[in-house]
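Commentary on secondary and tertiary structure
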Amino acid sequence: MGYGCSWNLAERKGSMGQLVAGKKALILGVANKRSIAWGIAQALHREGASLWFNYQNERVKDYVAELVAGLGGDIPLTECDVMKPEQVDALFEAVAARWGSLDILVHSLAFAPREALEGEFYTTTLEQWNTALAISAYSLVLCARQAKPLMEKAGGGSIITLTYLGSERAVKSYNVMGVAKAALEASVRYLAADLGPANIRVNAISAGPVKTLAAKGVSGFSSILKVVEEKAPLRRNVTQAEIGNTGLFLASDLASGITGEVIFVDCGYHIVGV
Ligand SMILES: NC(=O)c1ccc[n+]([C@@H]2O[C@H](COP(=O)([O-])OP(=O)(O)OC[C@H]3O[C@@H](n4cnc5c(N)ncnc54)[C@H](O)[C@@H]3O)[C@@H](O)[C@H]2O)c1
């Protein structure tokens, strides 16, 4: 193939706006309109993907149902708490029954007990550690395992998860979640190595801080937003839409050569030294 021939802009014009047309995407982690998963879902929807959402429990069901209804059409919405294996099984069985295959999996969820996200890291209990690592890192492995046969039926796929700089730097109060994100990023690489032969790509977006429900759980979160605004090369915080567009890119065939990667979408904050 000639270098860049299929990316000729003139050739692409006809398909602009339909980067993921015909692809089927399962989106895990929408809680409300501020959720990063919602930003990715909107970008995928705009570019022609069919969507399927989960909601964690009854508490968030109505918010998610209202958002999804706003997209129009018949979009499935299934309860799934990743700590309940029977719900994970049921979700993927439902996807298999209705769609038969899957192209895109967005894993945008994490949790650590609030008390573990303040004060000093060395006070983390085993229970807090296990909870954070199970929900925030192991769930990616579990979902990737469930997605594999469905993505094989599609001839390949793209799995995208969300991480944060706290995996490689000591960020005040992020504590055990930093350890969970380090495990998540290592899992991305191992999963990419395992699933690559099946043409399944696995990548993480390392997002800058965004004011979401999960972020509010981190003590002193507003001061993190302020520091990024002052120090990031772009002198501002990243938007939900910018993270959404990176999710879209990773999900699309434009990223067909990228796997096992952590892509920073943080207005450049992570490159700054003193
Ligand atoms: N907001 C930020 O500043 C930021 C920055 C970098 C990375 N992230 C990551 O982005 C992802 C999405 O978080 P967000 O900021 O959009 O917040 P959010 O609160 O909108 O989303 C978190 C989601 O995790 C889900 N969740 C938690 N425990 C679950 C469980 N047991 N089973 C199923 N779902 C569960 C919640 O229901 C919620 O939908 C997380 O992995 C988070 O760590 C966030």
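What counts as what
- Residues numbered from 1 in each chain as written.
- Predicted model: local features only at pLDDT ≥ 70, side-chain atom pairs only at ≥ 80, totals over all residues.
- Heavy atoms only, no water.
- Near = heavy atom within 4 Å.
- Polar contact = N/O pair within 3.5 Å; in protein donor to acceptor, adjacent residues only side chain to side chain.
- Areas by Shrake-Rupley, 256 points an atom, 1.4 Å probe, with all protein chains shown as cover.
- Helix = DSSP H or I, 4+ residues; strand = E, 2+ residues; numbered from the N terminus.
- UniProt positions renumbered as here; feature names shortened; annotations may be inferred.
- Contact = heavy atoms within 4.5 Å.
- Patch = residues over 30% accessible without salt bridge, like charges linked within 9 Å, V, L, I, M, F, W, Y side chains within 5 Å.
- Salt bridge = Lys/Arg side-chain N within 4 Å of Asp/Glu carboxyl O.
- Lys, Arg positive; Asp, Glu negative; His and termini not counted.
- Charge placed at Lys NZ, Arg CZ, Asp CG, Glu CD.
- Buried < 20%, exposed > 50% of the residue type's maximum accessible area, 1.4 Å probe, protein only.
- Axes fitted to C-alpha atoms, helices over the stretch in contact; angles between N-to-C directions.
- Parallel < 35°, antiparallel > 145°, perpendicular 65-115°, else oblique.
- Left-handed = near helix turned anticlockwise from the far one by under 90°.
- Nonpolar A, V, L, I, M, F, W, Y, C, P; charged D, E, K, R; others polar.
- Pairing = 2+ DSSP bridges.

Turning next to the site of the ligand. The ligand sits among 28 residues. The nearest are S35, I36, Q56, V210 and T212. A distance of 3.4 Å separates an oxygen atom of the ligand from a polar atom in the backbone of A31. Between the ligand and V210 there is a distance of 2.8 Å, counted from an oxygen atom to a backbone nitrogen or oxygen. For the ligand, the accessible surface in isolation is 820 Å², of which the surrounding protein chains cover 94%. Secondary structure elements with two or more residues in the shell around the ligand: strand 5 (157-163) and helix 7 (213-216). When residues of the shell around the ligand are assigned to their parent elements, the largest contribution, three residues, is made by helix 7.

In this structure's numbering, the residues bearing the UniProt feature "binding site: substrate" (unreviewed entry) are A112. For A112, the location among the structural elements is in the loop between strand 4 (104-107) and helix 5 (126-153). With residues up to four places along the chain from it excluded, the contact list for A112 reads L117, A132, V176 and M177.

On to a positive patch on the surface, then. Taken together, the side chains of K33, R34, K211 and K216 define a basic patch exposed on the protein surface. Within the fold, K211 resides in the loop between strand 6 (200-207) and helix 7. Residue classification places K211 among the partly exposed residues on the basis of a relative accessible area of 46%.

Between helix 4 (residues 85-98) and helix 5, whose axes approach to 10 Å, the crossing angle comes to 20 degrees. Considered as vectors, helix 4 and helix 5 are oriented roughly parallel to each other. Handedness of the helix 4/helix 5 crossing: right-handed. On helix 5, the residues touching V88, D89, F92, V95 and A96 of helix 4 are L142, C143, Q146, A147 and L150. Partitioned by chemical class, the residues of the contact of helix 4 with helix 5 number eight nonpolar, one polar and one charged.

Before going further, it helps to spend a moment on the pairing of strand 6. Burial analysis of strand 6 places eight of its eight residues in the buried class, the great majority of the element. Burial of the side chains of strand 6 extends over both faces: I200, V202, A204 and S206 are buried on one face and R201, N203, I205 and A207 on the other. Pairing of strand 5 with strand 6, which is carried by seven bridges, proceeds in the parallel orientation. Across the sheet, the residue bridging to I159 is V202, located in strand 6. Pairing geometry for strand 6 and strand 7 (residues 262-265), over four bridges, is parallel. Among the inter-strand pairings, S206 is bridged to a residue of strand 7, identified as F264.

In this section: the UniProt feature "active site" (unreviewed entry) in the protein chain. With numbering aligned to this structure, UniProt lists the feature "active site" (unreviewed entry) at Y164 and Y174. Here Y164 lies in the loop between strand 5 and helix 6 (175-195). If sequence neighbours within four positions are ignored, Y164 has contacts with V171, Y174, K181, E185, S206, A207, P209 and I224. Considering the arrangement of structural elements, one finds Y174 in the loop between strand 5 and helix 6. Residue Y174 is classed as buried on the basis of its relative accessible area of 10%.

Moving on, we get to helix 2 (residues 36-46). Helix 2 sits mainly inside the fold: eight of its 11 residues count as buried. Within helix 2, burial applies to I36, A37, W38, G39, I40, A41, A43 and L44. Positive phi appears at G48, one or two residues downstream of helix 2, with a value of about 95 degrees.

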